[in-house]
Amino acid sequence: MLTDLAIGRNNLSERTKRGKMEVVLSCNVCQSDRIQKLDPKFNFCRCHSCGYVFDSPRPSVDEVANFYSQPAKYDSWLKEERARDALWQRRLRKLLPHRAEGNLLDIGAGTGQFLHHARPFFTEITGTEISQSAIRIARERYGIELFAGQAEELDMAACSFANITLFHVLEHVHDPVRLVSRCSELLRPQGILAIAVPNDVLAWSSAIKKIGKQLGLKPFQKFSPVLGISRAGTSREIHLSHFTPAVLRQLVKNSGMTLVEESIDPYYVSSGIGLLADSTYYALHRILQAVLKVNYYNTLWMIARKP
Ligand SMILES: [Zn+2]
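Please read all numbers here as calculations on a predicted model, not as lab measurements. (Residues numbered from 1 in each chain as written. Predicted model: local features only at pLDDT ≥ 70, side-chain atom pairs only at ≥ 80, totals over all residues. Heavy atoms only, no water.)

Caption draft 1: Spatial organisation of the layout of surface pockets. Of the pockets and cavities examined, the second largest pocket occupies roughly 200 Å³. Along the walls of the second largest pocket sit Pro 245, Arg 249, Glu 261, Glu 262, Ser 263, Arg 286, Gln 289, Ala 290, Lys 293, Val 294 and Asn 295, which together make up its complete lining. Elements with a contribution of two residues or more to the lining of the second largest pocket: helix H9 (245-254), strand S13 (258-263) and helix H10 (272-292). Looking at side-chain class alone, the lining of the second largest pocket contains three nonpolar, three polar and five charged residues. (1 Å grid on protein atoms, 1.4 Å probe; cavity = no way out; pocket = protein on both sides within 12 Å on 5 of 7 lines; lining within 4 Å. Points joined across faces, edges and corners; volume = space filled by probe spheres on them. Helix = DSSP H or I, 4+ residues; strand = E, 2+ residues; numbered from the N terminus. Nonpolar A, V, L, I, M, F, W, Y, C, P; charged D, E, K, R; others polar.)

Caption draft 2: Looking closely at the packing of aromatic side chains. Applying the stated criterion to the full structure yields 13 aromatic pairs. Each ring, one from Tyr 52 and one from Phe 54, has its centre 5.1 Å from the other, and the planes form 25°; the classification is stacked. Pairwise contacts between aromatic rings join Tyr 267, Tyr 268, Tyr 281, Tyr 282 and Tyr 297 into one cluster. Directly above the ring of Trp 88 sits Arg 91, whose terminal nitrogen or CZ lies 4.8 Å from the centroid. One residue, Arg 91, lies across the ring of Phe 167, its end atom 5.2 Å from the ring centre. (Phe/Tyr/Trp six-rings, centres within 6.5 Å; stacked < 30°, edge-to-face > 60°. Lys NZ or Arg CZ within 6 Å of the ring centre and 35° of its normal.)

Caption draft 3: Molecular detail of the coordination of the zinc ion. The protein atoms that coordinate the zinc ion are Cys 27 (SG), Cys 30 (SG), Cys 47 (SG) and Cys 50 (SG), at distances spanning 2.3 Å. Here the zinc ion binds four donor atoms, and the angle range of 102 to 117° at the metal identifies the geometry as tetrahedral. Along the chain, the residues that donate to the zinc ion are spaced as C-x2-C-x16-C-x2-C. (Donors = N, O, S within 2.8 Å, 3.2 Å for Na, K, Ca; no water. Tetrahedral: all angles 85-135°; square planar, octahedral: opposite > 155°, others 65-115°.)

Caption draft 4: Quick peek at a nonpolar patch on the surface. Residues Leu 202, Trp 204, Leu 284 and Tyr 296 make up a contiguous nonpolar surface patch of about 340 Å² in total accessible area. Considering the arrangement of structural elements, one finds Trp 204 in helix H8 (residues 204-214). According to the relative accessible area criterion, Trp 204 is partly exposed, its value standing at 36%. (Patch = residues over 30% accessible without salt bridge, like charges linked within 9 Å, V, L, I, M, F, W, Y side chains within 5 Å. Areas by Shrake-Rupley, 256 points an atom, 1.4 Å probe, with all protein chains shown as cover. Salt bridge = Lys/Arg side-chain N within 4 Å of Asp/Glu carboxyl O. Buried < 20%, exposed > 50% of the residue type's maximum accessible area, 1.4 Å probe, protein only.)

Caption draft 5: Summary view of the pattern of salt bridges. Applying the stated criterion to the full structure yields eight salt bridges. Glu 80 is the salt-bridge partner of Arg 84, the closest N and O atoms lying 3.1 Å from each other. Since its relative accessible area comes to 11%, Arg 84 is described here as buried. Accessibility expressed as a relative area gives 28% for Glu 80, which makes it partly exposed.

Caption draft 6: View of the nonpolar core. Counting residues in each nonpolar core, the largest one holds 35 residues, and the members touching the most others are Ile 107, Ile 164, Leu 166, Leu 170, Leu 179, Leu 193 and Phe 243. For this core, the elements supplying multiple residues, two or more each, are strand S4 (44-47), strand S7 (104-107), strand S10 (161-167), helix H7 (176-186), strand S11 (187-198), H9 and strand S14 (299-305). Considering each element in turn, this core owes the most residues, five residues, to H7. Residues within four places of Leu 166 in sequence aside, it is in contact with Ile 107, Leu 179, Val 180, Cys 183, Leu 193, Ala 194, Ile 195 and Ala 196. (Core = buried A, V, L, I, M, F, W, Y, C linked by side-chain atoms within 4.5 Å. Contact = heavy atoms within 4.5 Å.)

Caption draft 7: Inspection of the sheet that holds strand S9 (residues 147-148) at higher detail. Spatial ordering of the open sheet is given by S9-S8-S7-S10-S11-S14-S13, a layout of seven strands whose pairing is mixed. Edge positions in the sheet fall to S9 and S13, since each of these pairs with one other strand and no more. The sheet contact formed by S7 and S10 spans three bridges and is parallel. Looking at the pairing, Asp 106 lines up with Thr 165 of S10. Against the sheet, H7 engages S7, S10 and S11, with an angle of about 150° to S11. (Pairing = 2+ DSSP bridges. Axes fitted to C-alpha atoms, helices over the stretch in contact; angles between N-to-C directions.)

Functional significance is not addressed by these values, which are geometric in nature.
Right, here's the structure in full:
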């Protein structure tokens, strides 16, 4: 039986328990308490002041950790390992021109596959991960020992890292502002933070799902008619935040970091004709972004530098 638990933004971990749903009372990005219920059936809310879209009520920290620790959770990743190698190489190619000389921390490192590819380009690699099954795979497959836990719990001094990557992590965490602030603290001056998140709210794919749901079409039943996004926990992922470029920019700026690149994340995992279609769609949106400065792709990519 799920019960609601009201929380503010500074007391998340103490008051969450397995099986509980939390109610968020103030905006994580701008602290406003002017919260609009966007789609109550799907638990989607939006901050009136800054436009941040998030889930409330939402699963607790433990619920999310348990969801990602299911033993078979990463089986599909292993099956598509070669296509995922190509994904990590694409991200690495986007990151390396901005890289600061030195070490790398990958937060939410998953099975360690990115760190495996990144290792030759950095003096040292470190990763954090909350999923026990992913930690085991990283150890067995790539010989990488990940830190079990969240970045906020990492026992490292300030200014310990030259580079930090947050690939599809911010949308899963309960306090994105705290995590980006922690990254800023962990980075040395001139250090680089790379962020990739879904572009749930503005993506054309969400618009199509929204219209499909509004028309009552069967394949679109699990999506919100307001946002075209599925409810947390009903797909392979639990997303607690749904960022737009404007909100993510604000979050980065609030942490005291400088935005140095805004782009889209080549997140697709495919092969054969699917790869051709995905890379063509990606290229189309790169052009749209370069020419019209708009992002209707499925993802956001930002590089920030600590002053
Ligand atoms: Zn706000």
